[in-house]
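# Tertiary structure, described
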Amino acid sequence: MPDTKPYAISKQVVWKAYKEVKANHGAAGVDGQSIEAFETDLKGNLYKIWNRMSSGSYFPPPVRLVEIPKANGGTRPLGIPTVGDRVAQMVVKMHLEPLVEPQFHPDSYGYRPGKSALDAVATARERCWRSAWVIDLDIKGFFDNLDHELVMKTVRHHVEAPWVLLYIERWLKAPVQKQDGSREERTKGSPQGSVVSPLLANLFMHYAFDLWMRRTYPTIQFERYADDVIIHAKSRAQAKHVLEAVRQRLRECRLELHPEKTKIVYCQDDDRKDQHEHTKFDFLGYTFRPRRAKNRRGKFFVSFLPAISEKAAKAIRETIRDWRLAATRNNQSLEEIAGLVNPSVRGWANYYGRFYRSALTPVLRHLERALVKWAQRKYKRLRRHSTHAVYWLGRVARRDPKLFVLWQLGIRPAIGS
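Read on for an overview of the structure. (Residues numbered from 1 in each chain as written. Predicted model: local features only at pLDDT ≥ 70, side-chain atom pairs only at ≥ 80, totals over all residues. Heavy atoms only, no water.)

Ring pairs (aromatic) are described by centroid distance and by the angle formed between their planes. Applying the stated criterion across every chain yields a total of 21 aromatic pairs. Between F281 and F304 the ring centres are 6.1 Å apart and the planes differ by 35°, which places this aromatic pair in the tilted class. Of this pair, F281 sits in strand β9 (residues 281–283) while F304 sits in strand β11 (residues 300–308); the two residues are 23 residues apart in sequence, bridging distant segments of the chain. Taken individually, F281 and F304 each receive the classification buried, so the pair is uniform in this respect. Through pairs of rings, three or more aromatic residues link up here, namely Y286, Y351, Y352 and F355. Here the basic side chain of K115 rests over the ring of Y109, its NZ or CZ set 4.8 Å away from the ring centre. Sitting over the face of the ring of F300, R292 holds its NZ or CZ atom 3.8 Å from the ring centroid. (Phe/Tyr/Trp six-rings, centres within 6.5 Å; stacked < 30°, edge-to-face > 60°. Helix = DSSP H or I, 4+ residues; strand = E, 2+ residues; numbered from the N terminus. Buried < 20%, exposed > 50% of the residue type's maximum accessible area, 1.4 Å probe, protein only. Lys NZ or Arg CZ within 6 Å of the ring centre and 35° of its normal.)

Here it is as structure tokens:
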């Protein structure tokens, strides 16, 4: 006799959702179950999710809270659902995303198919050349302060399926489990780290900000990546006016701008003679500020350009230090070291090397120096003189230039290469 369930959710959709979750990897939730452990009874676990979701009896387990250190000394709360809950959330996301994605604003870039952070940086760069002023918005605790009632209002505008509404509301209310095991009920917010949160955040900001900007200031351009927003203005007066209007609009949506981090910035270059206290801003890992550039005729001038931010550079240097190449890996071969570091270096180069790549070079030199120290620790004959280690690495680089992504980028030992 066929299963009769109140909600029509196919088993194939649950299977597809699991494949997506597996491809995204991710840590274990409150139950400590990894994807590998989940797969030991894959058929049974997926059937359980389908059965409960189809019958309306699926209740999400608590979200595991992890505090991620921030560069400014604070922490960012990250909520990690269980593997099974991520699969259930993916089922809902796969239903909701095709309904809302076509409605989103073209200048919304975050967590969207076919759009990227680098697209947003590229667009911001070009618009800073055309408009001299920028409003750098910082929404205080955006994910933690999303109003549940307003989130559900935006979802209901697009969704008729009652099971989607039911489960999104349950996920919003799912408690958070702290590292000491205590649980905290949630009356607002959507945890960063969950599958469905980015889509809900985009949907919320679509109505709270994007559509409002289109109606209120149709000629003013912006780039938004989730809650990270840059607005362009033609004058200081216009920037002040729009900032106050945005502040009021977000207040109506029960959100608050950070009083210190939100600022008006002057995009200074050789042709702009105004003075302003802020002439730089950070956006998606890049710092936009006046920088030296060269035109087609080889003449130097000052332009307003993005390059890797100090915050991102610091994070890269810390990662290189955390590898502890000289201290703990001198029993490994150079090929094994390359296998460890190359994926990260390739990712850094592809992202932070897209604009003003020369600013990334001194950051990656830290890895070059770490390799020199590794060689000195590994080989006794190189131990006393770093120049000998540099020369040795240079010969290896000349013999096998593709071994390290670092060398492929032209960052090689200064001696012997």
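Alignment of strand β10 (residues 286–294) against β11, held across 9 bridges, turns out to be antiparallel. Counterpart to Y286 in the pairing with β11 is I308. The antiparallel pairing of β10 with β11 creates a hairpin that spans 5 residues between the two strands, and G298 there sits at a positive phi of about 85°. (Pairing = 2+ DSSP bridges.)

Here we take up the pairing of strand β6 (residues 222–225). In β6, alternate side chains face the same way, and those of F222 and R224 on one face and E223 and Y225 on the other are all buried. Here β6 pairs with strand β7 (residues 228–233) via 4 bridges, running antiparallel. Bridge pairing links E223 to I230 in β7. Where β6 folds back on β7, the antiparallel hairpin that results is connected by 2 residues, among which A226 adopts a positive phi of roughly 55°.

Our next topic: the sheet that holds β7. Note: strands within a sheet are paired through backbone hydrogen bonds, in either parallel or antiparallel orientation. Ordered in space as β6-β7-β3-β8, the 4 strands form an open sheet in which the pairing is antiparallel. Sheet topology places β6 and β8 (263–266) at the edges, where each strand pairs with a single neighbour. Geometrically, the sheet is characterised by an average inter-axis angle of 20° between neighbouring strands, direction not taken into account. Taken together, the 6 bridges between strand β3 (residues 133–138) and β7 define a ladder with antiparallel strand orientation. Bridge pairing in β7 links V134 to H232. Packing against the sheet, helix α9 (residues 197–216) makes contact with β3, β6 and β7, and its axis sits at approximately 175° to β6. (Axes fitted to C-alpha atoms, helices over the stretch in contact; angles between N-to-C directions. Contact = heavy atoms within 4.5 Å.)

What follows deals with the environment of K294. Mapped onto the elements, K294 comes out in strand β10. Its relative accessible area of 53% is what places K294 among the exposed residues. Distance from K294 to L340, taken between C-alpha atoms, is 36 Å for residues 46 residues apart in sequence.

Turning our eyes to something else, we now look at the pattern of salt bridges. Summed over all chains, the structure comprises 14 salt bridges. Residue R127 pairs with E223 through a salt bridge whose shortest N-O separation is 2.8 Å. With R127 in helix α5 (residues 117–130) and E223 in strand β6, this residue pair connects regions lying 96 residues apart in the sequence. Each member of the pair, R127 as well as E223, carries the same accessibility label: buried. Its salt-bridge partner being R249, residue E252 comes within 3.6 Å of it at the nearest N-O pair. Highlighted residues: E252 and R249, both in helix α10 (residues 236–252), separated by 3 residues, approximately one helical turn. (Salt bridge = Lys/Arg side-chain N within 4 Å of Asp/Glu carboxyl O.)

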